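Here is what each chain is made of, one letter per residue.
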Amino acid sequence: MLTCRQATQLLSEKQDRSLFLREQSNLQLHLLACRSCRRYGKQIKSLSQLAKAFRHVDQE
Ligand SMILES: [Zn+2]
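Residues numbered from 1 in each chain as written. Predicted model: local features only at pLDDT ≥ 70, side-chain atom pairs only at ≥ 80, totals over all residues. Heavy atoms only, no water.

### Side note on the nonpolar core
Counting nine residues, the largest nonpolar core is built from Leu 2, Ala 7, Leu 10, Leu 11, Leu 19, Leu 27, Leu 31, Cys 34 and Cys 37. Elements with a minimum of two residues in this core: helix H1 (4-13) and helix H2 (21-33). Residue contributions to this core peak at three residues, all from H1. Sequence-distant contacts of Leu 2, that is, excluding residues within four places in its chain, are made with Ala 7, Leu 10, Asn 26, Leu 27 and His 30. (Core = buried A, V, L, I, M, F, W, Y, C linked by side-chain atoms within 4.5 Å. Buried < 20%, exposed > 50% of the residue type's maximum accessible area, 1.4 Å probe, protein only. Helix = DSSP H or I, 4+ residues; strand = E, 2+ residues; numbered from the N terminus. Contact = heavy atoms within 4.5 Å.)

### Concerning the layout of surface pockets
Taken as a whole, the largest pocket encloses approximately 240 Å³ of empty space. Taken together, 13 residues form the lining of the largest pocket, with Leu 11, Lys 14, Gly 41, Lys 42 and Lys 45 sitting closest to its centre. Breaking the lining of the largest pocket down by element, the ones donating at least two residues are H2 and helix H3 (35-59). Counting residues per element, the lining of the largest pocket draws most heavily on H3, at eight residues. Looking at the lining of the largest pocket residue by residue, the class counts come to three nonpolar, five polar and five charged. (1 Å grid on protein atoms, 1.4 Å probe; cavity = no way out; pocket = protein on both sides within 12 Å on 5 of 7 lines; lining within 4 Å. Points joined across faces, edges and corners; volume = space filled by probe spheres on them. Nonpolar A, V, L, I, M, F, W, Y, C, P; charged D, E, K, R; others polar.)

### Here we look at the packing of H1 against H2
Axes are the key here: two packed helices are described by the angle between their axes and the distance separating the axes. Interaxial distance between H1 and H2 falls to 10 Å at its minimum, and their mutual angle equals 120 degrees. Classified by the angle their axes make, H1 and H2 are oblique. Considering only the axes of H1 and H2, their crossing is left-handed. Each of Cys 4, Ala 7, Leu 10 and Leu 11 in H1 lies in contact with H2, whose residues at this interface are Glu 23, Leu 27, His 30 and Leu 31. (Axes fitted to C-alpha atoms, helices over the stretch in contact; angles between N-to-C directions. Parallel < 35°, antiparallel > 145°, perpendicular 65-115°, else oblique. Left-handed = near helix turned anticlockwise from the far one by under 90°.)

### Some thoughts on the coordination of the zinc ion
Any two of four tetrahedral donors ideally make an angle of 109.5 degrees at the metal, while pairs among six octahedral donors ideally make 90 or 180 degrees. Here the zinc ion is held by the protein donor atoms Cys 4 (SG), His 30 (NE2), Cys 34 (SG) and Cys 37 (SG), which lie 2.0 to 2.4 Å from it. In primary-sequence terms, the residues that donate to the zinc ion follow C-x25-H-x3-C-x2-C. By the burial criterion, Cys 34 is buried, and Cys 37 matches it. (Donors = N, O, S within 2.8 Å, 3.2 Å for Na, K, Ca; no water.)

Take it as geometry only, folks, not as evidence of what the structure does.
Next up, the structure:
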């Protein structure tokens, strides 16, 4: 089982690279059990979408 620290680390790395299958499944398992990391995952996801949106605007 991952610690919250490892899980949040993986969540942020996931934005930049694709996770190994093993990391992915460990992370999923942790997220099932841990509500605060799920929330963190949602936040970081919407942040990166926001960042992408801004980048898109820059390119135009
Ligand atoms: Zn956690």
